[in-house]
Every structure is written in structure tokens, then in C-alpha cells.
Amino acid sequence: MENRTVYFDNNATTPLHPGVKEALIEGLEIFGNPSSMHGFGREARERIEDAREKVASFIGADADEILFVGSGSEANNTVLSLLHCDSTRCSCALSGRNGLVTTVIEHPCVLNTARDLGRKSHDITYLSVDKYGRIDLEELRRAVTDKVGMVSIMMANNEIGTIQDIKAAARIAHEGGALFHTDAVQSVGKIPVDVRDLDVDFLTISAHKLYGPKGIGALYVKKGAPYCPLILGGHQEGGRRAGTENSLGIIGMGKAMELRGIEMEEEEKRLLELKNILKAGIAEAIPDALFMGHPEHCLPGTLSVSFAGAEGEAILLYLDLVGIAVSTGSACASGSLDPSHVIMATGVPVENAHGSVRISLGRENTLEDVHYMLHHLPIIIDRIRTMSTAYRRK
């Protein structure tokens, strides 16, 4: 088979959409400070507000409920910081309810912030998940006591693709008197997301997960929800996030959201079809393959699979040699020798967790890419298993 380059790591980041690239090149000429009152500044401000409208429209929000931030991690930290808000800075309504409920499979930016809150005497409850990575809503209901001020549950997991019932979770949080936040970084642009229907108070978006530029994200803040700036300074973003706006990044994000509105529905169907072909091919060609994530409530382009007797890092490196890029888990956790906290939380044995890879498809992937993977992956797994002293063929 002729060699080719295949990018199957779209959950880590996505390539720029050609339309976004064009918008960024054009945007390079817009250099005015958006806070300036002259024509150069007004031009930059107009572009920012146009992008804000596009982001808001895509998720069913109003433009004044969207603020631009530097990343999904910043947005998540901003929301969770409400739990230890200094009352001298704002009139945050969480006084006396500083507990947090989250899950054991959140992104590291949420888990590490939760641990930091725990060290500051906040009560933190971590919800468990089942073998598919879904939470138990009754466990959530029991966890939302009168001490809990915030519930934070990611919409779709970045490693296994499992989608939570966010609408039901938000309803339970509100019934218990708590605010609700969802990290929707892996969801927005891949599946339909409507903040009004979900009734969430806060929602996080990152542009580089939906074919936009890196270094720019957005935070949805529902009208009337308490809010306290994480970054203090000037009046930018309505006083909610200080610092001169990243005009170029915002322009790119707005264009990416506009294009998602055009392409997402058809792409969702196509990626699910490609994933199902890939999954069936792996199951047929490679024995002892364990698929993770929910079989139905899962992102259309995410496939998490473990191979007994094969280390994930070895699989990744062998695939890279033939031009195929995959991941062994979250890109933000790479470099660690520990098995994925997400996969371990689903009850998968540690040996299998070490042998897991995440294949995440995107808009540029084709059926030929899938066939290329199905040609090389069985050969690679067999080669690794042949060298393994732990794996014995049945």
C-alpha cells in the first residue's frame, strides 16, 4: 500500500479550516486596539462583535452572554474560581455554598483546580462513572447538598468520547440550589449544543477543537448568573476579562463557528460512518481488542480502543513511522507514565489501560485513511505482541 499521512488526533487539536485561514490572513490588516475610539479601533471592535454574534448564535445564546478568553482551561478556571470569590471584588451569590461536585473523568484543568480548592478547605465530591464513562444521576442528586455551590460536568469526554446527559444533570443541580457548568470543549462543533435547552449557567468552548486558531476560547455566562473576573485590569469584555482582546484569534474563532454551522450536521453523519467501519475492521482483524466509551452516547469521530499485550506508547510510535498520528489519551496529560485516569475510572484493568489509544477523526479524514489504518494497525499490534512476554496468543 502506498504511504500516506493520516491525522487521527483531532481531539487534541484540529487543522485550520481553509476558510478560517483566509479570514486570519485578511484579519492581519486589522491592527487597531478594539478599545480605541478612532476608525482603526472601531474596525477591530466591529469584527470582534461580529464574531461574538456568531459564537452566540451557534449555541443558542445572546451575544452579551459570550466573553472571549485565552483557552478552555482559562474559562474552566474562571468559573470554578467563583467558589472562593473575594466578596470585596464582586457581589457573588455563592456565600456559604462553597462545595463543588464534579466527576473523576474531567479534564486536568478541572481536576487540578478542584484539588486546589480542596486544599483551601472546600468540600469536593467526585462522581464515579460506569464502564462506559457515564455518571449516575442519582449519585449526583445525593451529592448536591445545601453546601454545594457549583456542579461541573464535562459534556463529552476528550479520551473516550462518552456524552453525558447534561440537561438532566443541570436540572438536578438547580433543584439542589447549585449553579451548573459544563466543559463543552469537545462537544461544540461536533454535536448540537443549545444552552437554552440544556439550561446551563456556564459553558466552555475552545476554538482549536473546531478548526479555529489556538489561544482563543469563549465562556458562556447565563444572564443573571453570578460572575467574578479571574483576570483583573481594564474594562475589556464588559469588565469580565481584562486585557486587550486577541482580535485576530477572535476573528478566526467567529469564522470557525460560522463554518461549523454550515458543515457540522453532514460531517457528524460521515464521521460516524467512518468510525463504525474502522471499529468493525479492528474487531475483525485484531483479537483481544477492547473498545471503550459508550456505544451510543459518544462523539461521532472518537474511538478509544485497548490492545492486550501492547503498550499504547509503542503503538503510537509504530503508527507514526508509517505516517499515522493518534494519541494515547489527553494531549494535556502526555508525558506521564501513569495510565489514563479516565480509562482507569471505567474499571478497565491497568494492563489494558496502558495499551489504549485514542483515534479521533475530523473533517479532513477519508475512507482511504481508514483503510490505510486497517492495513497497518494489525501488523503493528502483532509485531508488538510477538515481542511481549506478557501476552500469550489464545
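Every value quoted in this text rests on a predicted model; they were computed, and no experiment measured them. (Residues numbered from 1 in each chain as written. Predicted model: local features only at pLDDT ≥ 70, side-chain atom pairs only at ≥ 80, totals over all residues. Heavy atoms only, no water.)

### Brief notes about the domain arrangement of the protein
Where we set the bar: Boundaries of every domain are those given by an automatic assignment or by a domain database. Between two residues, a contact is recorded if the distance between any of their heavy atoms is within 4.5 Å. Computed with a 1.4 Å rolling probe, the buried area is the accessible surface lost when two parts are put together, summed over both parts. Salt bridges are identified by distance alone: a Lys or Arg side-chain nitrogen within 4 Å of an Asp or Glu carboxyl oxygen. In protein, a polar contact means a hydrogen-donor-capable atom and an acceptor-capable atom, both N or O and within 3.5 Å, with residues adjacent in sequence counting only if both atoms are side-chain atoms; elsewhere, any N or O pair within 3.5 Å suffices. The numbering of helices and of strands both runs from the N terminus, where a helix is a DSSP run of H or I of at least 4 residues and a strand a run of E of at least 2.
Looking at the protein, the domain boundaries give domain 1 (6-14 + 264-387) and domain 2 (18-259). Each partner contributes residues to the interface: domain 1 has 30 residues there, and domain 2 has 33 residues. Where domain 1 abuts domain 2, roughly 2,700 Å² becomes buried across the two surfaces, and 58% of that area is made up of carbon and sulfur atoms. Among the residues of domain 1 in contact with domain 2, T14, M264 and L299 are the three that bury the most area, contributing 23% of the side total. Run the count over domain 1 and domain 2 and you get zero salt bridges. The interface formed by domain 1 and domain 2 holds 17 residue pairs in polar contact (both at pLDDT 80 or more) in total. Of all the elements in the fold, those that place two or more residues in the side of domain 1 that touches domain 2 are helix 8 (247-285), strand 10 (302-307) and helix 10 (341-345).

### Comments concerning the packing of helix 8 against helix 12 (residues 367-387)
Applicable threshold: Whenever a helix is involved, its axis is fitted only over the stretch in contact; in every case the axis is a line through C-alpha atoms, and angles between N-to-C directions fall within 0 to 180 degrees. Here is the rule for angles: anything less than 35 degrees is roughly parallel, anything more than 145 is roughly antiparallel, 65 through 115 is roughly perpendicular, and the remaining ranges are oblique. When the near helix sits turned anticlockwise from the far one by under a right angle, the crossing is termed left-handed; a clockwise turn instead gives a right-handed crossing. Gly counts as polar in this scheme, as do all residues outside two lists: the nonpolar Ala, Val, Leu, Ile, Met, Phe, Trp, Tyr, Cys and Pro, and the charged Asp, Glu, Lys and Arg.
Contact pair helix 8 / helix 12: the axes reach a minimum separation of 10 Å and the direction vectors enclose 20°. Compared by their axis directions, helix 8 and helix 12 come out roughly parallel. Seen from above, helix 8 lies across helix 12 with right-handed handedness. Facing L274, I277, L278, G281, I282 and A285 of helix 8, the residues of helix 12 in contact are L367, V370, M373, L374, L377 and P378. Residue composition of the contact of helix 8 with helix 12, by class: 11 nonpolar, one polar and no charged.

### Notes on the sheet that holds strand 8 (residues 217-221)
What counts, and what does not: By definition, two strands form a pair when at least two bridges between them are found by DSSP.
Ordered by their spatial adjacency, seven strands build an open sheet running 2-8-7-6-5-3-4, and the pairing between neighbours is mixed. Both edges of this open sheet fall to strand 2 (66-69) and strand 4 (124-127), since each of them pairs with a single strand only. This sheet shows a mean twist of 20° between the axes of neighbouring strands, independent of strand direction. As paired elements, strand 2 and strand 8 share four bridges and run antiparallel to each other. Among the inter-strand pairings, V69 is bridged to a residue of strand 8, identified as G217. Against the sheet, helix 3 (residues 72-80) contacts strand 2, strand 3 (99-103), strand 5 (148-152), strand 6 (179-183), strand 7 (202-206) and strand 8, and its axis sits at roughly 165° relative to strand 7.

### Topic: the environment of G224
Put simply, the rule reads: Only protein chains enter the accessibility calculation, which uses a 1.4 Å probe. A residue is then buried if its area is under 20% of the maximum for its type, exposed if over 50%, and partly exposed in between.
Among the secondary structure elements, G224 is positioned in the loop between strand 8 and helix 8. Note on G224: relative accessible area 81%, which makes it exposed. Residues G224 and T14, 210 residues apart in the sequence, show an inter-C-alpha distance of 34 Å.

### Remarks on the environment of T204
Along the polypeptide, T204 turns up in strand 7. For the pair formed by T204 and V185, sequence separation is 19 residues and the distance between their alpha carbons is 6.0 Å. Once residues lying within four places of it in the same chain are set aside, the contact partners of T204 are G72, A75, N76, H181, T182, D183, A184, V185, A218 and L219.

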